[in-house]
Amino acid sequence: MKTKIVTIGKADSQERIEEKLADAGDIIRQGGLVAFPTETVYGLGGDALNPESSRKIYAAKGRPSDNPLIIHIADMAYLNRIVREIPDQARKLADAFWPGPLTMIFRKAEIVPHQTTGGLDTVAVRMPSHPLARLFIQKAGGYVAAPSANLSGKPSPTLAKYVVQDMDGRIDMIIDAEGVEIGLESTIVDVTSDVPVILRPGYITQQMLSRVVGEIDMDVTIYDDSSTQAPKAPGMKYRHYAPKGELVVVVGRPQKVVRYINEQAAMHEAEGKRTGIIGTQEMLAEYHAFSIKNAGSRNDANTVARQLYTFLREFDDENVSYIYAESFAETFADKGFGQAVMNRLLKAAGHKVVHV
Ligand code: AMP
Ligand code: MG
């Protein structure tokens, strides 16, 4: 299949943008697949109400088909048709955080095919805030099912070049545009129970959610990897992307962390093994290794969130054998978002943590 790559940028007039997105929307209506930017990561979109489109999404990604997709909508008026009911709590959360990086789980309406929900009777819905994503969803008929636009086993793409790397030849169109600002997948909240439950942490934190709905739980499997309970977000059970190199998260006082990482790096590099480091801006000048990634200031979780997946892909391309990352849990002023970053980092590290 020939994949059309469409760039949308500042030079495009509103009219031209509408034309390009109308073409993209037509592809979705005809049962094809289009990768598009959202504020979290790039999505791989298909018609959510067409079971054949969902089947194609799984095939393009090489993803197991029991891993449910998120339906993206552009307008609150479209929610009714795909869910059995809209609980009060969900309405409040939508008022507060939609459009934005929040996905909610509802009981699904008949019209939503089981192919889209991975066989579940619930459905995940999100209204993204990225303006091009919204316009694209409208042009596509209103319901775009989309997982992240990476091959299964790769990090979610935050840059169009990684979408091209993974999806060229496998889908009909890739929309390349700016505005993928957050870099981590959406927060997922199950609103089918009396007390909403966070199934996946993200930019919208527990604290932000609880300011709106009061009590809110967190699925135990998010922070306790030793839990034998099955995660309620089915996708969470799949092994997450791990870089080719061995990734270890190092926890401790900053100077001790730097000393430990430098010692390890010197040892590996003496053996001819490339070593990579993900460190905060404040510590960066003190590190010595083949590849050093700047995670931004320790007061700001946003920079590392935006770049984490890119760092992991770059380490692979650089053939790095060992990777050390500072722990960001205690570092950031924004503890909630720091927790989401750590959730992804620890998954990539297979929960290998060293305390120094
Ligand atoms: P993504 O990883 O961003 O492609 O989002 C898909 C993820 O959303 C899945 O892997 C699940 O973890 C979660 N999800 C989607 N639908 C449901 C659902 N009905 N119930 C629980 N989790 C869901
Ligand atoms: Mg994904």
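The structure we're discussing is the one just above.
Right, let's walk through the structure included here. (Residues numbered from 1 in each chain as written. Chains lettered and ligands numbered in written order. Predicted model: local features only at pLDDT ≥ 70, side-chain atom pairs only at ≥ 80, totals over all residues. Heavy atoms only, no water.)

1. Here's the deal with the packing of aromatic side chains
Right, on to step 1. Within this structure, the stated rule accounts for four aromatic pairs.
Right, on to step 2. Between Tyr 203 and Phe 337 the ring centres are 5.1 Å apart and the planes differ by 80°, which places this aromatic pair in the edge-to-face class. You can see Tyr 203 sitting in the loop between strand 10 (197-200) and helix 6 (206-213) and its partner Phe 337 sitting in helix 10 (residues 335-348), a full 134 residues away along the chain.
Right, on to step 3. Assessed through its relative accessible area of 33%, Tyr 203 is described here as partly exposed. (Phe/Tyr/Trp six-rings, centres within 6.5 Å; stacked < 30°, edge-to-face > 60°. Helix = DSSP H or I, 4+ residues; strand = E, 2+ residues; numbered from the N terminus. Buried < 20%, exposed > 50% of the residue type's maximum accessible area, 1.4 Å probe, protein only.)

2. Things to note about helix 2 (residues 51-61)
Right, on to step 1. Of the positions making up helix 2, those classed as buried are Ser 53, Ser 54, Ile 57, Tyr 58, Ala 60 and Lys 61. In a view along the axis of helix 2, the buried residues occupy a sector of 165°, so they form one face of it.
Right, on to step 2. Buried residues in helix 2 make contact with strand 3 (43-47), strand 7 (144-146) and helix 5 (160-167).
Right, on to step 3. The positive-phi residue at the C-terminal boundary of helix 2 is Gly 62, with phi of around 70°. (Arc of directions from axis to C-beta. Contact = heavy atoms within 4.5 Å.)

3. Observations regarding unusual backbone geometry
Across the chain, the bulk of peptide bonds are trans and the bulk of non-glycine residues have phi less than zero.
Right, on to step 1. The peptide bond linking Trp 98 to Pro 99 adopts the cis configuration, its omega dihedral lying at -5°.
Right, on to step 2. Its place among the elements puts Pro 99 in the loop between helix 3 (88-97) and strand 5 (102-107).
Right, on to step 3. Non-glycine residue Asn 319 carries a positive phi angle of around 55°.
Right, on to step 4. Examined against the element boundaries, Asn 319 turns out to sit in the loop between helix 9 (301-317) and strand 15 (322-326).
Right, on to step 5. Owing to a relative accessible area of 53%, Asn 319 belongs among the exposed residues under this scheme.
Right, on to step 6. With a phi close to 60°, His 351 is a non-glycine residue in the positive phi region.

4. Observations concerning the pattern of salt bridges
Working definition: two side chains of opposite charge can pair if their charged atoms are close together.
Right, on to step 1. In this structure the tally under the stated criterion is twelve salt bridges.
Right, on to step 2. Where salt bridges share partners, they join Lys 293, Glu 314 and Glu 318 into one cluster. (Salt bridge = Lys/Arg side-chain N within 4 Å of Asp/Glu carboxyl O.)

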